[in-house]
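Descriptive analysis of the structure
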Amino acid sequence: MIGNGSIALEDFIQAVQLQLDTAQTRMSLKAQNDRLPLTFAIRDIAMDLKAHVELDDGEIRIRPAGPQDKDPTVLKLTFTAITRPMIEENAVQLAVDNKDDVLLSSLGDDELDQDERRRLEGIGVRTVSKLNEIRKQGLGGSVGRITRLPIDKLESVLSRATRPLVDDVSSEPDGADELRQRLRIKGRNLLRDGTPPRVSIAGRPVNVVHASDTEIVLAPDIDQLAGQMSLSHDSKAPTELWFDQSHAAPPLMQPIIEGNGALYGNGGHA
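Residues numbered from 1 in each chain as written. Predicted model: local features only at pLDDT ≥ 70, side-chain atom pairs only at ≥ 80, totals over all residues. Heavy atoms only, no water.

1. Digging into the side chain of S232
Our working rule: Think of it this way: any DSSP run of H or I at least four residues long counts as a helix, any run of E at least two long counts as a strand, and we number them from the N terminus. Contacts between residues were defined by any pair of non-hydrogen atoms, one from each residue, lying within 4.5 Å.
Its location among the elements puts S232 in strand β11 (residues 226–232). Setting aside its immediate chain neighbours within four residues, S232 contacts P164, P197, R198 and P238.

As structure tokens, this is what we get:
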């Protein structure tokens, strides 16, 4: 609601729908808890809303009329019950929330403020995975128009919310080459659309030899066992951290002089 007391028409309709859903849920729970053989349900609600209709930057807004207001517009609204098949026939299919998913409310006001989260929740988008699913289906523009959120902001929020998160960095010997080490990275969001992030250490790319959403294995050069590591699915939200696994580097092979050649510790000649 803005200073003159007006609200967007879709916000009003959404608020009525949410309250009707809440009332229906309460009646259902009461019937289940009291084991009632017969209960009531909301079927149809009709209302005549007297209001002043305004157009603000392409958005229809309504301001409830007061007792002394003359010639208000009468909006006749009817809310009726529909079945699940009717909903599914006319709605985009989105996956059910995963209990391990990240809620939009946990991102903080720096990402989405309370009003922006409310707009997304009003269309059933409460988690990061739902937002990501919308992106995959190419519906970002439609969601942006419905929620009045810029598509660039939605993409930026999604990039930051799904950027790689690192919990641990460890090293282990490379089974194929005892003189080299591999780095094992454990964390979350290490895959996006089945693809691992781009990884660099000290500004140089590192090969990814194995990847899952919670773990990736890297094959660094011998001088990449310490320094600044960068992991990124895109250029908008890279993850950067400092690490040091230089203690795992194999000791330099010291030559042993034998006759006319230099015999190295592993038995080979230079």
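2. Re the sheet that holds strand β2 (residues 44–56)
In any sheet, the strands associate via hydrogen bonds between backbone groups, in a parallel or an antiparallel arrangement. Note the threshold: In this analysis, strands are considered paired if DSSP registers two or more bridges between them.
With antiparallel pairing, four strands are arranged side by side in an open sheet as β1-β3-β2-β4. Two strands in the sheet have a free side with no partner beyond their single neighbour: β1 (7–8) and β4 (73–80). Two elements, β2 and β4, share eight bridges in a ladder whose sense is antiparallel. The residue bridging K50 from the neighbouring strand is V74, located in β4.

3. Description of the pattern of salt bridges
Quick reminder of the rule: Definition used for salt bridges: Asp or Glu carboxyl oxygen within 4 Å of a side-chain nitrogen of Lys or Arg. Per-residue accessibility, obtained with a 1.4 Å probe over protein chains only, is compared with the maximum for each type, and a residue is labelled buried under 20%, exposed over 50%, and partly exposed between these values.
Within this structure, the stated rule accounts for 16 salt bridges. For E155, the salt bridge goes to K236, with nearest N and O atoms at 3.2 Å. A residue pair is termed long-range when its members are at least 10 positions apart, and E155 in helix α6 (residues 151–161) and K236 in the loop between β11 and β12 (239–244) qualify at 81 residues. With a relative accessible area of 33%, E155 lands in the partly exposed category. According to the relative accessible area criterion, K236 is partly exposed, its value standing at 48%. A salt bridge links E215 to R184, with the shortest nitrogen-to-oxygen separation between them at 2.7 Å.

4. Digging into the pairing of strand β3 (residues 59–64)
Pairing between β1 and β3: two bridges, direction antiparallel. Within β3, the residue paired with A8 across the bridge is R61.

5. With respect to helix α1 (residues 9–34)
Applicable threshold: Expected span of a helix, by definition, is 1.5 Å for each gap between consecutive residues, and there is one gap fewer than residues.
The end-to-end C-alpha distance of α1 is 38 Å, a good match for the 38 Å that 26 residues give at a rise of 1.5 Å each. Structurally, α1 contributes buried residues whose contacts are with β1, β2, β3 and β4. One or two positions beyond α1, positive phi appears at R35, with a value near 55°.

6. Side note on the nonpolar core
Defined as follows: Take the buried Ala, Val, Leu, Ile, Met, Phe, Trp, Tyr and Cys residues and link them wherever side-chain atoms come within 4.5 Å; each set so joined is a nonpolar core.
L183, I185, V199, I216, L218 and M229 are the most contacted members of the largest nonpolar core, which totals 14 residues. Contributions of two or more residues to this core are made by β6 (177–188), β7 (198–201), β10 (215–219), β11 and β12. With residues up to four places along the chain from it excluded, the contact list for I216 reads L183, R184, I185, L190, P197, V199, V208, H210, A211 and L231. With 13 residues, the next largest nonpolar core counts V128, L131, V157 and L158 among its residues.

7. Describing the sheet that holds strand β8 (residues 204–205)
Read from one edge to the other, the open sheet built from four strands follows the order β8-β7-β11-β12, with strand pairing classed as antiparallel. At either end of the open sheet lies a strand with only one pairing partner, and these are β8 and β12. Where β7 meets β8, two bridges bridge the pair, whose relative direction is antiparallel. Residue pairing in the sheet places I201 in a bridge with R204 of β8.

8. Here's the deal with the confidence of the model for the protein chain
Defined as follows: Each residue carries a pLDDT score, the predictor's own confidence in it, on a scale running from 0 to 100.
In the predicted model, the protein chain carries a mean pLDDT of 80, and the fraction of residues at 70 or more is 84%. Long-range and interchain partners of residues 253–259, a stretch whose pLDDT sits below 50, account for 12 contacts in this model, where long-range means more than four residues apart. Ignoring residues within four places in sequence, the model shows residues 261–270, a span with pLDDT below 50, making 18 contacts including any to other chains.

9. Describing a nonpolar patch on the surface
Applied cut-off: Patches in this entry comprise residues that are over 30% relatively accessible and not in a salt bridge; like charges within 9 Å are linked, as are nonpolar side chains (Val, Leu, Ile, Met, Phe, Trp, Tyr) within 5 Å. Each accessible area is a Shrake-Rupley estimate made with a 1.4 Å probe; only the visible protein chains count as cover when residues are assessed.
Residues V53, L55 and I60 make up a contiguous nonpolar surface patch of about 290 Å² in total accessible area. With respect to the element layout, V53 can be found in strand β2. In this structure V53 comes out as partly exposed when scored by relative accessible area, which is 44%.

10. As for the environment of S230
Inspection of the secondary structure assignment puts S230 in strand β11. Counting along the chain gives 26 residues from S230 to R204, while the straight-line C-alpha distance between them is 9.6 Å. In this structure, S230 is in contact with R198, V199, S200, P238, T239 and E240, ignoring residues within four places of it in sequence.

11. Focus on the environment of S212
Positionally, S212 belongs in the loop between β9 (207–211) and β10. On the accessibility criterion, S212 (23% relative accessible area) is partly exposed. The residues contacting S212, other than those within four sequence positions of it, are L190 and L191.

12. Points about the environment of F40
Mapped onto the fold, F40 is located in the loop between α1 and β2. Overall, F40 belongs to the exposed group, its relative accessible area being 68%. Between the C-alpha atom of F40 and that of S28, which follows or precedes it by 12 residues, the distance is 8.6 Å. Contacts of F40, omitting those with residues within four sequence positions, involve Q24 and M27.

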